[in-house]
Amino acid sequence: MGSNRLYDATLRADIPGPSGSAHLNNLRFWMGQVDYSRTRLASYGDVPVVGVTLGNASIVAVRGSAVTKQVLGDVTTFEHLSDGPLALPTGQPYSTLFDATATLNGPRHVRSRKLLMPIMHRSALHSYEKVFIRNFERSRFARPTGETFDLVAELDRLTNANMLACLIGLDDANAELSERVTQLLVTTMDPRVFLFKFGRRTPYGRWLRLVEDVHRDVSALIDANRDEEPRADALSILCHATEEDGRRLSTSEIIGELHGMLASGYLTTSVTMAWSLIALAGGHAQDELGSVIKETQRLMPTVPMSLPRRVVRDVDIQGTWIPRGALLFLSTYLEHRDPQVFDRPHEFDPSRWATVKPTPFEFFPYGAGARRCLGAAFAEMQIRTTFELLLETGVPELLTDHLRHHMTGGVVAAPRGPVLMRMQPLGSAVRDSTAPLERFWQNLKP
Ligand code: HEM
């Protein structure tokens, strides 16, 4: 549904927005969504719908908790994209690799969410916790020796190991496949792959071979698992899951869902952990852990602009008519700084969470409604388990003063690495980085 073009002159609407070249406006939007929200969108105040280009609804951003509720609450008008640059060639065994909860709509989406529920069941989460503990103990965070390292890279390694073990059951014994799956996740986020979608020696050709290899190897793993005793990882749970009519998920469905969860959950978790650890190591280790994590997610939501929604029927948004076909975004970054909800909205203050009680449409780092992040409980358990162990082990000390962010994978706002830290023995006095951290948060003000 809807045009894949990023500018469609026929999608006219009576909305404000910058004039000038639509292509340049689009470029500014895609280049940096935090900066776009901060410098462009914020200047329109409370206007509910702003076009990336004046008077055109090809790409629009919407504002306010009432509109957020309308958009996230109506999954039949505002659909997730199932098309886009990721579409794979048809007729191949791997053609459905990107068919998963995050890209499906309508009854197929409802069905796939339901089928994934056992993966997030309390008993499953309990077994994942053991993996988080084991991998933490092998990480640099478990060694309070004063060694300097890059927290962004270390968290990336740790989260990757956690996800591969919990979702696919991979560990050191499957190093080669682990490496290939990781490579696929990383290259799928590389825009160069999709610039020229032809040839075998191009980045696209190499990426397609990787898709084929991973699909073949994980399919073999799934087939082997069907005959084995159930284990605690998601792959095994899905192999043994049955629908109400007794039907089992096909190998292609399972591999699509596993890939979808890895793609949705790996970078988002490692980056959320990196921002939170920067706050902990920079002077907030004594504050209540849950409040530090929430306050970090408020000021720097890892996904600062929502996933795009395709408007599939003409719709009225707070008195503004938006035509079918529009591509619509919410600015989580701006909604999380609403002064009506958060007093002194640009200050990093974990203690506010003792009193502030935002609705799910005022604070939504994981989205809200029928498409709320399916892995939120999994991510939260991973974050809490890791940081509780870390704070019991030693004192984290932030060594990098100049913090910056960049957009990666198209949708994630990550710290620009390296961000150096060290783990000092418990009871050590460490340098106070509150001033540089404060400067960083202030520089992010709209
Ligand atoms: C801190 C880490 C994470 C953050 C910040 C995050 C954030 C999000 C956001 C913003 C969405 C979009 C919601 C929407 O479109 O309204 C989403 C969707 C999703 N996430 Fe996460 N996520 C995280 C971790 C994970 C993990 C670990 C998994 C899997 C194990 C996961 C699986 C999914 C799936 C399957 C969807 C699609 C849900 C649907 O469309 O019904 N996420 N996530």
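Just above, that's the structure.
In short, a report on the structure.

Rules behind the numbers
- Residues numbered from 1 in each chain as written.
- Predicted model: local features only at pLDDT ≥ 70, side-chain atom pairs only at ≥ 80, totals over all residues.
- Heavy atoms only, no water.
- Donors = N, O, S within 2.8 Å, 3.2 Å for Na, K, Ca; no water.
- Helix = DSSP H or I, 4+ residues; strand = E, 2+ residues; numbered from the N terminus.
- Contact = heavy atoms within 4.5 Å.
- 1 Å grid on protein atoms, 1.4 Å probe; cavity = no way out; pocket = protein on both sides within 12 Å on 5 of 7 lines; lining within 4 Å.
- Points joined across faces, edges and corners; volume = space filled by probe spheres on them.
- Near = heavy atom within 4 Å.
- Polar contact = N/O pair within 3.5 Å; in protein donor to acceptor, adjacent residues only side chain to side chain.
- Nonpolar A, V, L, I, M, F, W, Y, C, P; charged D, E, K, R; others polar.

## Some remarks on the coordination of the iron atom of the ligand
Angles between donor atoms at a metal ideally measure 109.5 degrees for a four-coordinate tetrahedral arrangement and either 90 or 180 degrees for a six-coordinate octahedral one.
Okay, so step 1: Donor atoms from the protein around the iron atom of the ligand number only one, Cys373 (SG), found at 2.3 Å.
Okay, so step 2: If you trace the backbone, cysteine 373 turns up in the loop between α12 (332-335) and α13 (376-393).

## Considering the environment of valine 214
Okay, so step 1: For valine 214, the location among the structural elements is in helix α8 (residues 203-226).
Okay, so step 2: For the pair valine 214 and aspartate 233, spaced 19 residues apart in the sequence, the C-alpha separation amounts to 18 Å.
Okay, so step 3: Discounting chain neighbours no more than four positions away, the residues touching valine 214 are Arg180, Val181, Leu184 and Ile255.

## Looking at empty space enclosed by the protein
Okay, so step 1: Scanning the entire structure with this criterion turns up two cavities of 30 Å³ or more.
Okay, so step 2: Of the voids in this model, the largest cavity is the one considered here, and its volume is about 90 Å³.
Okay, so step 3: Every residue along the wall of the largest cavity is listed here: Leu97, Ile168, Val181, Leu184, Leu185, Val214, Val218, Ile255, Leu258, His259 and Leu262.
Okay, so step 4: The biggest single contributor to the lining of the largest cavity is helix α10 (residues 251-284), with four residues.

## Side note on the site of the ligand
Okay, so step 1: Taken together, 23 residues surround the ligand, and among them His80, His109, Arg113, Arg309 and Cys373 come closest.
Okay, so step 2: Interatomic distance of 2.6 Å between a side-chain N/O atom of histidine 109 and an oxygen atom of the ligand.
Okay, so step 3: Separating an oxygen atom of the ligand from a side-chain N or O atom of arginine 113 is a distance of 2.7 Å.
Okay, so step 4: Elements with a minimum of two residues in the shell around the ligand: α4 (106-116), α10 and α13.
Okay, so step 5: Top element by residues in the shell around the ligand is α10. It accounts for six residues.
Okay, so step 6: Looking at the shell around the ligand, its residues break down into 10 nonpolar, 10 polar and three charged.

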